[in-house]
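Structure at a glance
What follows is each chain in one-letter form.
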Amino acid sequence: MNVDFMDLLKQNVSAIVLEGDTQHLLEKNQAIQSFLPILLSILKSKSELIPAFQQQLNPRLNDAFASNVSLKQQFLEHVRGAASADEIESTLSRSITPALAFLPTEAGSSEPEAISHLLQVNTDSISRALPEWATALLAGLGVNILQG
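Residues numbered from 1 in each chain as written. Predicted model: local features only at pLDDT ≥ 70, side-chain atom pairs only at ≥ 80, totals over all residues. Heavy atoms only, no water.

Before going further, it helps to spend a moment on the packing of aromatic side chains. This structure, assessed with the given rule, holds four aromatic pairs. On the basis of an interplanar angle of 50 degrees and a centroid distance of 6.0 Å, the ring pair of Phe-35 and Phe-75 is categorised as tilted. Here Phe-35, found in helix H2 (residues 25–45), pairs with Phe-75, found in helix H5 (residues 69–79); they are 40 residues apart in sequence, far enough to count as distant. The same class applies to Phe-35 as to Phe-75, namely buried. A ring pair is formed by Phe-65 and Phe-75, whose centres lie 5.3 Å apart and whose planes are at 40 degrees; its orientation type is tilted. Of this pair, Phe-65 sits in the loop between helix H4 (61–64) and H5 while Phe-75 sits in helix H5, and the two are ten residues apart along the sequence. (Phe/Tyr/Trp six-rings, centres within 6.5 Å; stacked < 30°, edge-to-face > 60°. Helix = DSSP H or I, 4+ residues; strand = E, 2+ residues; numbered from the N terminus. Buried < 20%, exposed > 50% of the residue type's maximum accessible area, 1.4 Å probe, protein only.)

This is how it looks when you write it as structure tokens:
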């Protein structure tokens, strides 16, 4: 039985990011579940960001949202639940590094072209994992989820 690409990614990243955490676990896990397909959609659409993210020691949520503060705030309002926006932002920022580490493992190479190909091959899985409201948010970032 094949495991869905996004399911595997979410399981790996959530386990790493939430290990030892005790506050607002449900909200944080749901935020990660919503964020990862958005992050991958951004990287798939703007493959030039792959090496930029790989070179950063500590990528932040702001980097994923191209410093578009209003869209980032809209996103945080969608996903934060009872947790504070700052707490969710911190959790999501911590999720970027393990997500980026997962991609070369699955692609078989850390080359941006291999990762970009992996994202293209898994477009259906990524698209299915996107929350319904994410299309407008991604459009605001210049990402068309239908391109591929």
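On to the packing of H2 against helix H6 (residues 85–107). Close contact between H2 and H6 brings their axes to 9 Å; oriented N to C, the two are set at 50 degrees. Classified by the angle between their axes, H2 and H6 sit oblique to one another. Seen along the crossing, H2 lies across H6 with a hand that is right-handed. In contact with Glu-27, Lys-28, Ala-31, Ile-32, Phe-35, Leu-36, Leu-39, Leu-40 and Leu-43 of H2, H6 contributes Glu-87, Ile-88, Thr-91, Leu-92, Ser-95, Ile-96, Ala-99, Leu-100 and Leu-103. Of the residues contributing to the contact of H2 with H6, the split by class is 13 nonpolar, two polar and three charged. (Axes fitted to C-alpha atoms, helices over the stretch in contact; angles between N-to-C directions. Parallel < 35°, antiparallel > 145°, perpendicular 65-115°, else oblique. Left-handed = near helix turned anticlockwise from the far one by under 90°. Contact = heavy atoms within 4.5 Å. Nonpolar A, V, L, I, M, F, W, Y, C, P; charged D, E, K, R; others polar.)

Attention shifts here to unusual backbone geometry. Despite not being glycine, His-24 shows a phi value in the positive range, around 55 degrees. Here His-24 shows up in the loop between helix H1 (5–18) and H2.

In this section: the pattern of salt bridges. Inspection of the entire model under this criterion finds six salt bridges. For the salt bridge of Asp-4 with Arg-128, the shortest nitrogen-to-oxygen distance reads 2.9 Å. Of this pair, Asp-4 sits in the segment before H1 while Arg-128 sits in helix H8 (residues 123–129), and the two are 124 residues apart along the sequence. Its relative accessible area of 22% is what places Asp-4 among the partly exposed residues. Using a relative accessible area of 61% as the deciding quantity, one classes Arg-128 as exposed. A salt bridge links Asp-21 to Lys-28; its shortest N-O distance comes to 2.7 Å. (Salt bridge = Lys/Arg side-chain N within 4 Å of Asp/Glu carboxyl O.)

Core analysis: the largest hydrophobic core is formed by 44 residues, its most contacted members being Phe-35, Leu-40, Leu-43, Phe-65, Phe-75, Leu-92 and Leu-103. The element best represented in this core is H2, accounting for nine residues. Apart from the residues within four sequence positions on either side, Leu-92 is in contact with Ala-31, Ile-32, Phe-35, Leu-61, Phe-75 and Leu-76. (Core = buried A, V, L, I, M, F, W, Y, C linked by side-chain atoms within 4.5 Å.)

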